[in-house]
Every structure is written in C-alpha cells, then in structure tokens.
Amino acid sequence: MTNNRNIKKEIDVKLHDEVLRDALGRFVDQYSDARLKAYANVDSIEDLRDSLKEMKQETVAHIEEIADEFEASVKQKGGQFYRAKDGDAVKKYLLKICQENNVQRIVKSKSMASEEIHLNKFLIDNGLHVKETDLGEWMLSVAGQRPSHMIMPAIHLNRQQCADFFSQELQEKVPDDIDFMIHKAREVLRDEFLQADMGLTGANFGIAENGAIGLVTNEGNARLTTTLPRIHVILIGYEKLIPKIEDAAKILRLLPRNGTCQRMTSYMTMVAGPTPVIRKVNGNWIEEDRQVHVILLDNGRLKSAHDPKFKEVYQCVRCASCLNVCPIWTLVGGHVYGHIYSGGIGVILTGLLNSMEDFNKISELCIGCRKCVSICPGKINIPDLIEELRAQNVKNNGLSLPLKVVVQDILANRKIFHTLLRIASIGQKPVQTGNVIRHLPMFFAKLTNGRSLPAIADEPLRDRVSKLLKKNPPAPVKRVAFFSGCNIDFVFPKTGQSVIRVLQDLNMEVVFPEQQNCCGKPVLGMGDRETAKNIAKNNVIVFEEAVVDVILCACPTCAETWHKTYLELFADDQEWADRVRKITAKVYEFTSFVAEAYEKADRLIKTKGSKKVTYHDSCHMNRGLGIFQQPRQLLNAAVDYELVEMKNCDKCCGMAGAFGMKYSEISLPILKEKIENIKASGADTIAVACPACMMQIQGGLDQQAPEIKIKHIADIIAEHLE
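Below or above, wherever it landed, is the structure these notes cover. Quantities reported herein were computed from a predicted structural model and do not represent experimental measurements.

**Overview of the overall build of the protein**
Here comes step 1: Helix and strand counts for the protein come out as 36 helices and 23 strands.
Here comes step 2: By the compact-globule yardstick of 27 Å for 722 residues, the protein fits well, its C-alpha radius of gyration being 29 Å.
Here comes step 3: Across its three principal axes, the protein shows a C-alpha extent of roughly 100 × 55 × 50 Å.
Here comes step 4: The burial tally for the protein puts 57% of its 722 residues in the buried class.

As structure tokens, then:
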C-alpha cells in the first residue's frame, strides 16, 4: 500500500461503479441459498465445522513438528524443500532455481501467497516470461489489477470488460461471448503450458504424513501446470499444513460448499513427489524425473502460530465465504482493502503478514456484524481478532491526540460525558425536528442524506427515574438493577420507562444506580483497553453496591460487553476476574429475561392482532448473545400485533456505532436495503431490541418510509400494561 491513500475516495469510486455493484449484488443474492443447497446432504454443518476447527487447532499447537514431518515426507518422495523466512527469501531461492536450470518461461496457478510477496513483478523484472493460467488471474494481469476475491478474483468484472481484456491481450477483436472467450483462452494457454519450463502453484493443503499437496480447482489449469513443465515449484504457507490424509476430507467437505457452493469442485488434484516428464533436448526426446521444489513460506505466519490469540487464523481455509456475507465487501469489493487479502480476514492477514501501518488504514472496514463468524468453516472470530490488533496497536503506539481526548477525558469521565450530552440537547435545537435531526448544514449535510439523525432527549432517563421508581411493588419477587446504556438514557428515555414498567408489572423492584457509566464498548472499539478496564471497574463497583438479584440490559451490545468482554479484560487479574465473574452472572438481556418470566407466568400466549409487526435481529443480539426466539415469542404474544418476518431479518442495519457516522457513504446503502425489506414485509411497525439499531432504522424510516413506526420490544409490551 501507499501511505498517501485516500480510502474515502476509493470507496466513493467503488460505490459508483455500476458494474461492480451489479456483479456483487447478483452474487450475494444467490450465495446464501446456493450454499445451503450444497449442504443439503449433510446431517450437521456444525459438526463439520467443529471437526475442521479442532483439527486446525491441534495442528497449529504442533506446527513445527508438522512442518518437520512434511519436509521429511517431501524429501523421502524425491522432492526438494526450502523454508523461506519472507518474500525476499522466496524470490532469491526461486531465481536461483531458474538460473541453474535455464528457465525462461513460467506458468502459474492457484497461488495467493505469490501475490502476497509480489512475486510476478520480481520474476518479470529479472527477464522471465510469467503467465497466469487461472482465467480470472490472467485477465487481471492483462488489466494491471489485483484479485478482488480469494477464489473468484475477477468477480468485479462483467463479460464486456473481460472481452476488452481478451482483445487487448490477443490484439484482435474478441466478442463478449463467454463460451467463445473460454475456447480462445484454451487455445492461447495451451501453448503456454507446452512451452513452459516451470510450473508454479500454491496449495489448498499440504499433508505431513505423505508430503502430498492438494489443489482444488474448477478449470483444470492446475493439473497442466503441475504435469507438463519439467520443474514444479510449490509455494505453500505454514497455515496450509495438515497432519494426515484423512484430514484433507475435513477441508474438502467444507471448502467447495462454502467457497463456490459446490459439493465438490471439478478437479481435485493431489501431487506427491516427482513424476517422469518427457522433453526435447538438443533435438532428442528424453525422459527424466520432474524436479519438485516445495517452498514453505513463513512471512509472519510462525509468529502468529505462537500467539495465543492470532493462532486462530490458522483455522482459515481461504474459502472467502466471510467476504461473501460481509456487508462492506459486498458493496465496495476487495480492492479498497489495498493489500492482497480482502474482507475481514484480509484486514487481519494484512496486519499479521504485511504491516500494522497498512492494517490501520483499513481496520475500520469491519462493521462487527459477526455474519462472517456464523459462516466461517473454521469458526474464526474475525471481529474479535481485528479488535485485538487495534488494542495491540494502541498499547504499542497510543491513541492520536483527538481520540485520546474523546476516550480518556470524555467517555471515561461520567460527569463530563453526561454534561456534554445535556449541552448538546440544547445546542441541537436549531436543527431538531421532533425527536430527529433531518438536515445538517455545510459539510455535515451528507450525514442526513437518506437518513435522519437521532436527537438527544430534553430530559434523560436518569432525571425521570426517581418518579418512576415510586411505582415499585410493595412485595417484590426480585430486586433488579437497570443498566440503561447511553442510548436509552439520553436518546430513548421513553423506552427506558417502558423497561421499568414491564419489570414492575412482573412484581419486581427496579433500581437505577445513577453512578453507572457507558459500558465501554466505544472505547474498546478504538483499542484503548486500559481506559475500558477503568470504565468496567467503575460499573462493577456501582452494581456491587446496588445489591440486586438481576442486572438488566435493554441493549444487547451492553449485555454482550458485560457478559463477555468484561471477563476477557480481567482474565489476568484474579481478584478482579472473580468480582467480574460474580457480578456478570447476574446480567441478563431484556427480551430473554422477560420471555422466561412470561413463560413461567403462562403469558406467552400467541395472539393475532390487526397491526402487522416485523422484527430486525440486532447483530449483537442474534450472533453475539445467541438470542433469536425470545423476541419473537414476546411479539407473538403482544396484544393487537401479528408478527410477519421480513427478508434478511438478521442482516446488519449499517449502524455499528461510530462506523455509521464516519463511513456514512457505506452505512446508508446498507440502511436503504434494510428499509426496502421492511417495506416489502407489509408491516406497520418494525420492532427492535437494540437502541443503536433503533437510531439507525428510525432515521431511515423518517426520510424513506415515514408511515412505518419503529418501536423497541419493551415499548410494544408496555403499551397495554395498566
């Protein structure tokens, strides 16, 4: 990457690239159903994923031993083996092979690692003829572009563009007929295979017990690359190694289904050791053994293998399914990520294999929706690893001065933070309409193009609770502390009132510790864990002092932060870990807590009302907390409502905290799709269980579908309570 990249400008270009948007849009619409169809004959997808994950975890725990066994097996079969510390070592070794064997022409197939170290340019600069033989890679090399997807490198192009690149390469007019272009490619590339001195491939896996590599392809060019030239060079990273041949089945049952929605690709090629090759020397045909060279590339991989967090990247099989479901990648494609690997996993690999400077430029191109985690064959927790890299970067280099002020002097200081919010509620008056801000002046105007922004309430929840808590029942069955979170406290205090009313109706005493602060999630998102720990300690102390049976959150982000992140923050501090574990055991998310209480009271009776309501699954709720059924149970039991499901109910709304503001150009198209799906459901009301989603969707409805109302589930339940 270059240090002077204008990523915002690059994003804008991609968002206005109609060919890209059309190609990715059609692919994404078809992918999920096609993937599930490919798994139709599988009893349990989760069992397959668990099996792969366990195998990969066991492998990375013994990576040096596996590598040693792989090397010994390759040599025993007659191959040559070289361990390369980095890209420069690969280039030096490969050039030596070429010079010693008078190699002039090279054909390549299936090697992202060669892209990673910019190998093609090096070889060409040293006078070698290099030809990509994967059809997509070939066209991109002609176009001077990089792959935008790990297994479908030219997915961003249409057939007209492909025909132009064919015409450019062949210096003749080529029609945009797909069958014709494929036939033409075969004609041209067959000559390349026949004339090549060396075939260079990557590998989908390398098997330690027998030294074989596996190549999973649909074009067949990898077989020609490995069998026709007199020299075969395999460039493989440590993460591709597996112990036994039976482990290959664990990859092969997942990789094609997740990557290309096939039960099996057209070609599954295994290569193990040299085989005879016939070639012409001084006018005579001779038979000799093909040279096989295996280059095992480190380039930061071994460091990751020994990191307790980042060893998880070894569970990646490079299927790119995480890209296929990523809301950001599916809008802007892969090139804006700037390096070789794109999507969320690409952000991580860029930081680990390239540089943290490049990681910083793209680390925010992850919306944290966790859709990738739900589909990844190796169950890699991609958003958490990105957050971990941010935290390590902040630990080593600190925050920028503006962020430091925001995080450490404002968000971490409850009094200052809340005072500024109160001031903002007054300062917003000139641009406020009701409970939203529809138009902003000057360069802020783009933030309200297609979306209104939430207004800060005149009176926050904390100023209302003393009156509300007077209605607590005289003989409560439980004492519940309400952790409101910033949004309910200062933006949606009426929802906070509804939460309290629902709990009181369940004969529970509600308390509201006024010293509570932000849960710390925004601070964690910026990578400042020390400040987040201070915020967490304050909240733990405050709620310990409240002496309650339950701590209730009506924001799933807050609930997940308490349940998961607080425990992680204090994992190395036994005293605080014990305190946090004890207090977080009392934390519940609102809908799951109320649904359980209603079920015990026989109040989850399905009704059918005149108002149609649809439901949007918050990312943190559904994929973070695993809460899916309970909100629907409450809506089905709500008086006067009938629940109707909408398309892509669990797809991110595009908010993601500060992301929705900083990258509004990406957030707004995601929101627009959500609004269209809400409208198509025919619902009068959209229900949510997350105040952040409520902010985003409310803003979109206000400008795009004002006839549709948005309500937190707590508000819907409270409507008919006395």
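**So, the packing of aromatic side chains**
Here comes step 1: Overall, the coordinates contain 12 aromatic pairs when judged by the stated rule.
Here comes step 2: Considering the side-chain rings of Tyr 82 and Tyr 93, the 4.2 Å spacing of their centres and the 5° angle between planes classify their relative orientation as stacked. Here Tyr 93 lies in helix 5 (residues 87–100) and Tyr 82 lies in strand 1 (residues 80–84), a separation of 11 residues in the sequence.
Here comes step 3: Tyr 82 sits in the partly exposed class, given a relative accessible area of 26%.
Here comes step 4: Here Tyr 93 falls in the buried class, since its relative accessible area comes to 15%.
Here comes step 5: Taking the centre distance of 5.6 Å and the plane angle of 80° together, the rings of Phe 543 and Trp 562 count as edge-to-face. Linking Phe 543 in helix 27 (residues 529–546) with Trp 562 in helix 28 (residues 556–569), this pair joins segments that are 19 residues apart in sequence.
Here comes step 6: With relative accessibility at 1%, the residue Phe 543 sits in the buried group.
Here comes step 7: The ring of Tyr 341 carries the charged tip of Arg 318 above its face, separated from the ring centre by 5.3 Å.
Here comes step 8: Of note, Arg 632 hangs over the ring of Phe 628, and the distance from its end group to the ring centre comes to 4.0 Å.

**Quick word on the pattern of salt bridges**
Here comes step 1: Evaluation of the coordinates by the stated rule reveals 45 salt bridges.
Here comes step 2: Residue Arg 632 is joined to Glu 645 by a salt bridge in which the shortest nitrogen-to-oxygen separation is 2.6 Å. Of the two residues, Arg 632 is situated in helix 32 (residues 629–636) and Glu 645 in the loop between strand 21 (641–643) and helix 33 (659–662); the sequence distance between them amounts to 13 residues.
Here comes step 3: A network of salt bridges, in which partner residues are shared, links Glu 46, Arg 49, Asp 50 and Lys 379.

**As for a negative patch on the surface**
Here comes step 1: Where like charges cluster on the molecular surface, the negative patch consists of Asp 164, Asp 176, Asp 177 and Asp 179.
Here comes step 2: Within the secondary structure, Asp 177 is located in the loop between helix 9 (159–170) and helix 10 (178–195).
Here comes step 3: The partly exposed category is assigned to Asp 177, whose relative accessible area is 39%.

**Quick notes on the nonpolar core**
Here comes step 1: Grouped together as the largest cluster of nonpolar side chains are 77 residues, with contacts concentrated most on Ile 11, Phe 70, Leu 241, Tyr 337, Ile 345, Ile 348 and Ile 666.
Here comes step 2: Here this core gets six residues from one element, more than from any other, and that element is helix 17 (residues 343–353).
Here comes step 3: Two domains each put at least three residues into this core: domain 1 (7–297) and domain 3 (596–721).
Here comes step 4: With 41 residues, the next largest nonpolar core counts Val 502, Ala 554, Phe 590 and Ala 689 among its residues.

**Digging into the sheet that holds strand 15 (residues 453–454)**
Here comes step 1: Judged by pairing direction, the sheet is antiparallel, and its three strands sit side by side in the order 13-14-15 without closing on themselves. Both edges of this open sheet fall to strand 13 (432–433) and strand 15, since each of them pairs with a single strand only.
Here comes step 2: Bridging between strand 13 and strand 14 (residues 436–437) involves two bridges; their strand directions are antiparallel. Within the sheet, the bridge partner assigned to Gln 432 lies in strand 14 and is Ile 437.

**A word on the side chain of Lys 56**
Here comes step 1: Checked against the element boundaries, Lys 56 lands in helix 3 (residues 45–61).
Here comes step 2: Buried charge without a partner: Lys 56 forms no salt bridge, and the closest opposite charge is Glu 239, 7.7 Å away.

**Topic: the sheet that holds strand 19 (residues 587–589)**
Here comes step 1: Taken in spatial order, the four strands line up as 17-16-18-19 in an open sheet, and their pairing is parallel. Each edge of the open sheet is held by one strand with a lone partner, namely strand 17 (508–511) and strand 19. For this sheet, the mean angle separating the axes of adjacent strands, direction not counted, is 35°.
Here comes step 2: Against the sheet, helix 25 (residues 493–505) makes contact with strand 16 (478–483), strand 17 and strand 18 (550–553), and its axis sits at roughly 150° relative to strand 17, the strand it touches most.
Here comes step 3: Along the sheet, helix 27 makes contact with strand 16 and strand 18, crossing strand 16 at roughly 155°.

Calculation rules
Residues numbered from 1 in each chain as written. Predicted model: local features only at pLDDT ≥ 70, side-chain atom pairs only at ≥ 80, totals over all residues. Heavy atoms only, no water. Helix = DSSP H or I, 4+ residues; strand = E, 2+ residues; numbered from the N terminus. Rg over C-alpha atoms; globule rule 2.2 N^0.38 Å. Buried < 20%, exposed > 50% of the residue type's maximum accessible area, 1.4 Å probe, protein only. Phe/Tyr/Trp six-rings, centres within 6.5 Å; stacked < 30°, edge-to-face > 60°. Lys NZ or Arg CZ within 6 Å of the ring centre and 35° of its normal. Salt bridge = Lys/Arg side-chain N within 4 Å of Asp/Glu carboxyl O. Patch = residues over 30% accessible without salt bridge, like charges linked within 9 Å, V, L, I, M, F, W, Y side chains within 5 Å. Areas by Shrake-Rupley, 256 points an atom, 1.4 Å probe, with all protein chains shown as cover. Lys, Arg positive; Asp, Glu negative; His and termini not counted. Charge placed at Lys NZ, Arg CZ, Asp CG, Glu CD. Core = buried A, V, L, I, M, F, W, Y, C linked by side-chain atoms within 4.5 Å. Domains from an automatic or database assignment. Pairing = 2+ DSSP bridges. Axes fitted to C-alpha atoms, helices over the stretch in contact; angles between N-to-C directions. Contact = heavy atoms within 4.5 Å.

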